[in-house]
Amino acid sequence: MAVTLTGSEKAGASVAAVAGKYVKKTVLELGGNNALIVWEDADIDQSIQTALTASMLNCGQSCIAAKRFIVVDGMA
């Protein structure tokens, strides 16, 4: 038996404390998700390829998949 949680660090600490008490396996996905930012000096072709790959990892069903993109005006 195991426990998984996607949530805040506070929730993760609570779950980890209880799981540790009973020696249960845990998977904790804590915190937020940073944006993929494209700056003016970026290689636009490489940025597009990286953005596509990052957003489609495991068909987009991954906690590390890119979800937010910030592209500066000069690159948009």
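Before reading on, note that the structure itself is shown above.
This report concerns the structure included in the present document. Fair warning: this is a prediction, and the values are worked out from it, not measured in the lab. (Residues numbered from 1 in each chain as written. Predicted model: local features only at pLDDT ≥ 70, side-chain atom pairs only at ≥ 80, totals over all residues. Heavy atoms only, no water.)

## What to know about helix α2 (residues 44-56)
Spanning 13 residues, α2 covers 18 Å between terminal C-alpha atoms, matching the ideal 18 Å at 1.5 Å per step. Of the residues making up α2, those classed as buried are S47, A51, A54 and S55. Relative to the axis of α2, the buried residues are bounded by an arc of 90° and lie together on one face. Opposite its buried face, α2 presents the exposed residues D45 and M56, each directed more than 90 degrees away. In the core, the buried residues of α2 are packed alongside β3 (36-38) and β4 (69-71). Measuring from the backbone nitrogen of D45 back to the side-chain oxygen at the start of α2 gives 3.1 Å, which picks out D43 as the cap. N58 sits one or two residues past α2 and shows a positive phi near 50°. (Helix = DSSP H or I, 4+ residues; strand = E, 2+ residues; numbered from the N terminus. Expected span 1.5 Å × (residues − 1). Buried < 20%, exposed > 50% of the residue type's maximum accessible area, 1.4 Å probe, protein only. Arc of directions from axis to C-beta. Contact = heavy atoms within 4.5 Å. Polar contact = N/O pair within 3.5 Å; in protein donor to acceptor, adjacent residues only side chain to side chain.)

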